[in-house]
Amino acid sequence: VQARSKFKKLMRDNGIARTAVVGGGVIGASWAALFLANGLSVIVNDPDATTATRVMATIEGARPVLSGLGYDTDRMTDGLSFETDLAAAVHSADLVQECGPERLDFKKQIWRAIEAAAPKHALLLSSSAGIPASAQSRDMIEPSRLILGHPFNPPYLMPLVEVVPSSVSNTGTVSRVLAFYRGLGKVAVELKREEPGFVADRLQAALFRESVSLVRDGVVSMRDLDDIVTSSIGIRWAANGPFLSFHLGRETDGLRHFIAHLSKSMETLWESFGDVSFDKSTNTLLIEQARHFYRDHAVSGPTELRDAREVAVLNAIASVNQTSDSQPEHRRDI
Ligand SMILES: NC(=O)c1ccc[n+]([C@@H]2O[C@H](COP(=O)([O-])OP(=O)(O)OC[C@H]3O[C@@H](n4cnc5c(N)ncnc54)[C@H](O)[C@@H]3O)[C@@H](O)[C@H]2O)c1
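Rules used throughout
Residues numbered from 1 in each chain as written. Predicted model: local features only at pLDDT ≥ 70, side-chain atom pairs only at ≥ 80, totals over all residues. Heavy atoms only, no water. Helix = DSSP H or I, 4+ residues; strand = E, 2+ residues; numbered from the N terminus. Rg over C-alpha atoms; globule rule 2.2 N^0.38 Å. Buried < 20%, exposed > 50% of the residue type's maximum accessible area, 1.4 Å probe, protein only. Contact = heavy atoms within 4.5 Å. Areas by Shrake-Rupley, 256 points an atom, 1.4 Å probe, with all protein chains shown as cover. Near = heavy atom within 4 Å. Polar contact = N/O pair within 3.5 Å; in protein donor to acceptor, adjacent residues only side chain to side chain. pLDDT = per-residue confidence, 0-100. Phe/Tyr/Trp six-rings, centres within 6.5 Å; stacked < 30°, edge-to-face > 60°. Axes fitted to C-alpha atoms, helices over the stretch in contact; angles between N-to-C directions. Nonpolar A, V, L, I, M, F, W, Y, C, P; charged D, E, K, R; others polar. Pairing = 2+ DSSP bridges. Expected span 1.5 Å × (residues − 1). Patch = residues over 30% accessible without salt bridge, like charges linked within 9 Å, V, L, I, M, F, W, Y side chains within 5 Å. Salt bridge = Lys/Arg side-chain N within 4 Å of Asp/Glu carboxyl O. Right-handed = clockwise from strand over helix to strand, strands pointing away. Core = buried A, V, L, I, M, F, W, Y, C linked by side-chain atoms within 4.5 Å.

1. Some details on the overall build of the protein chain
When its secondary structure is counted, the protein chain shows 15 helices and eight strands. Taking 2.2 N^0.38 as the reference for a compact globule, 334 residues should give roughly 20 Å; the C-alpha atoms of the protein chain span a radius of gyration of 21 Å, in line with that estimate. Summarising its shape, the C-alpha atoms of the protein chain cover approximately 55 × 50 × 40 Å along the three principal directions. A total of 334 residues make up the protein chain; the buried ones form 40% of that total. The contacts of the protein chain with a sequence gap of at least 6 include a subset with a gap of at least 24, amounting to 68%. Of the accessible surface of the protein chain, which amounts to about 18100 Å², a share of 58% is contributed by carbon and sulfur atoms.

2. Comments concerning the site of the ligand
Residues in close proximity to the ligand total 24 residues, the closest being Ile27, Asp46, Glu102, Lys107 and Ala129. Note that an oxygen atom of the ligand is positioned 2.7 Å from one of the side-chain N or O atoms of Asp46. Bound to the protein, the ligand loses 72% of the 840 Å² it would expose on its own. For the shell around the ligand, the elements supplying multiple residues, two or more each, are helix H2 (26-37), helix H5 (104-117) and strand S6 (146-151). Broken down by element, the residue count for the shell around the ligand peaks at three residues, all from H5.

3. Some remarks on the confidence of the model for the protein chain
Overall, the prediction assigns the protein chain a mean pLDDT of 91, with 91% of residues at 70 or greater. Confidence drops under a pLDDT of 50 for residues 328-334, and excluding neighbours within four residues, the segment shows 21 contacts in the predicted structure.

4. Section: the packing of aromatic side chains
Tallied over the full model, the rule gives five aromatic pairs. Considering the side-chain rings of Phe246 and Phe258, the 4.1 Å spacing of their centres and the 25 degrees angle between planes classify their relative orientation as stacked. Separated by twelve residues along the polypeptide, Phe246 in helix H11 (residues 242-247) and Phe258 in helix H12 (residues 254-272) bring together distant segments of the chain. One aromatic cluster is present, built from ring pairs that chain together Trp31, Phe35, Phe180 and Tyr181.

5. Some words on the packing of helix H9 (residues 222-230) against helix H10 (residues 233-240)
Closest axis-to-axis distance for the H9/H10 pair is 4 Å, and the angle between their directions is 35 degrees. Contact residues: H9 offers Ile228, Val229 and Thr230, while H10 offers Ile233, Gly234 and Ile235. In the contact of H9 with H10, the residues fall into four nonpolar, two polar and no charged.

6. Focus on the sheet that holds S6
Sheet architecture is open: eight strands sit in the order S3-S2-S1-S4-S5-S6-S7-S8, paired in mixed fashion. Whereas interior strands pair on both sides, the edge strands pair on one side only; in this sheet they are strand S3 (80-82) and strand S8 (187-190). Shown here is a sheet whose adjacent strand axes are inclined to one another by a mean of 25 degrees, direction ignored. Relative to strand S2 (residues 41-45), strand S1 (residues 18-22) runs parallel, the two sharing five bridges. Its bridge partner lying in S2, Arg18 is registered against Ser41. Where helix H3 (residues 51-68) meets the sheet, its contacts fall on S2 and S3, and the angle it forms with S3 comes to roughly 160 degrees.

7. Structural notes on helix H8 (residues 200-216)
Between its first and last C-alpha atoms H8 spans 24 Å; for 17 residues at 1.5 Å apiece the expected length is 24 Å, and the two agree. By the burial criterion, the buried members of H8 are Ala200, Glu210, Ser211, Val212, Ser213 and Val215. Gly218 occupies a position one or two residues after H8 and carries a positive phi of about 75 degrees.

8. Digging into a nonpolar patch on the surface
On the surface, Leu269, Trp270 and Phe273 cluster together to form a nonpolar patch covering roughly 350 Å² of accessible area. Mapped onto the elements, Phe273 comes out in the loop between H12 and helix H13 (280-299).

9. Regarding the environment of Ile43
By the element assignment, Ile43 lies in strand S2. In the structure, Ile43 is positioned 38 residues away from Ser81 in sequence and 4.8 Å away in space, judged by C-alpha atoms. Other than its neighbours up to four places away in sequence, Ile43 contacts Thr19, Ala20, Val21, Ser81, Glu83 and Ala89.

10. Side note on unusual backbone geometry
Each neighbour pair has its own omega, and for Asn153 with Pro154 the value is -5 degrees, a cis peptide bond. Within the chain, Phe198 stands out as a residue other than glycine whose phi angle is a positive 55 degrees. Within the element layout of this structure, Phe198 appears in the loop between S8 and H8.

11. Observations regarding the pairing of S8
Bridging between strand S7 (residues 160-164) and S8 involves four bridges; their strand directions are parallel. Bridge pairing in S8 places Val161 opposite Ala188. Taking the sense of rotation as the criterion, the β-α-β connection linking S7, helix H7 (residues 171-183) and S8 turns out right-handed.

12. A closer look at the nonpolar core
Counting 40 residues, the largest nonpolar core has Phe35, Leu66, Phe180 and Tyr181 as its most contacted members. Counting only elements with at least two residues in this core, the list comes to H2, S2, H3, strand S5 (123-126), S7, H7 and helix H14 (302-321). The contacts of Leu66, once residues within four sequence positions are left out, are Ala33, Leu34, Ala37, Tyr71, Thr73, Met76 and Tyr156. Core analysis: the second largest hydrophobic core is formed by 21 residues, Val90, Phe106, Ile114 and Val164 among them.

Okay, structure coming up:
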């Protein structure tokens with residue numbers, strides 16, 4: 001809880017107190033929970049009549065997670081309100097986190113409207129998983145204001161947010177955005193180019209491609225593949241990431257030794273990767289195995305179990321980092 005109080009001070013230093021979340025679906029509700037836990041006020045804008053019920057349900061689901069991460073969640077919904085009129089919702093916002101449908105026409109139109117109604121100082125951020133700021137901001141008067149703050153789902157739990165400016169984004173604004181997210185305890189990483197899928201989703205897709213290929217070819221079952229990942233590279237990469245892991249693989253010479261001795265065999269493996277697609281027979285096989293191995297999880301609250309396991313990982317790593325000076329501050333506090 002002490003670590004979390006520090007974040008509240010950072011929030012004050014960043015001058016951000018009032019936020020507007022545009023789109024109260026899966027991602028919007030999750031951002032709302034995190035903002036509220038950090039003492040920010042949140043106005044959720046969404047035309048759907050069921051928004052309040054859905055957002056409240058997500059916040060209730062996030063409460064044990066946020067509490068497990070050290071937040072005081074007792075009165076976290078005090079700062080929450082709902083407003084179906086977009087202009088009224090963003091009128092006094094210090095920050096707008098857009099989480100609407102993933103359609104270019106929607107994003108272009110909503111940013112034009114948000115820009116016209118929000119204060120000049122407000123940070124304008126899109127959660128989009130795939131439509132870059134350069135495309136979304138085409139109809140804005142000042143496209144330099146828009147930056148992507150792409151979370152890894154769920155934002156109330158996963159530390160990563162990819163900050164993706166466009167080529168016209170203002171560098172001072174990018175710094176403010178990074179400071180804001182880091183103030184929330186996020187690991188905010190700025191990408192230097194608007195790469196399709198950004199970085200985290202590209203990496204996930206690369207590993208998933210080979211996972212599908214191995215299960216499709218019958219080398220391993222889905223269940224065994226999951227066990228292989230969680231019992232080896234999942235632990236390694238949660239702790240240190242792929243490059244640092246290889247660098248730490250030897251007492252001396254680190255990555256240089258890896259490149260000298262293991263790079264050829266890795267290239268041979270790369271060449272052996274098969275083509276894979278979600279064709280009919282692959283899909284049938286994957287769905288059958290998911291039903292066979294994981295039916296019980298689907299019945300007994302998969303989100304709670306998933307979140308509880310991930311919180312345990314985050315807290316275990318944070319407890320080690322608290323006694324270590326080996327990483328920058330924002331990477332140490334999760
Ligand atoms: N789901 C994920 O895993 C994930 C991860 C990272 C980023 N994202 C991105 O976050 C954004 C939202 O995704 P989601 O999964 O929450 O979608 P979602 O469909 O759950 O939520 C979208 C919400 O937008 C609302 N909406 C529709 N029209 C609106 C309008 N005119 N004004 C305000 N709200 C409106 C809908 O009612 C809905 O509640 C997308 O851009 C997506 O790419 C999603």
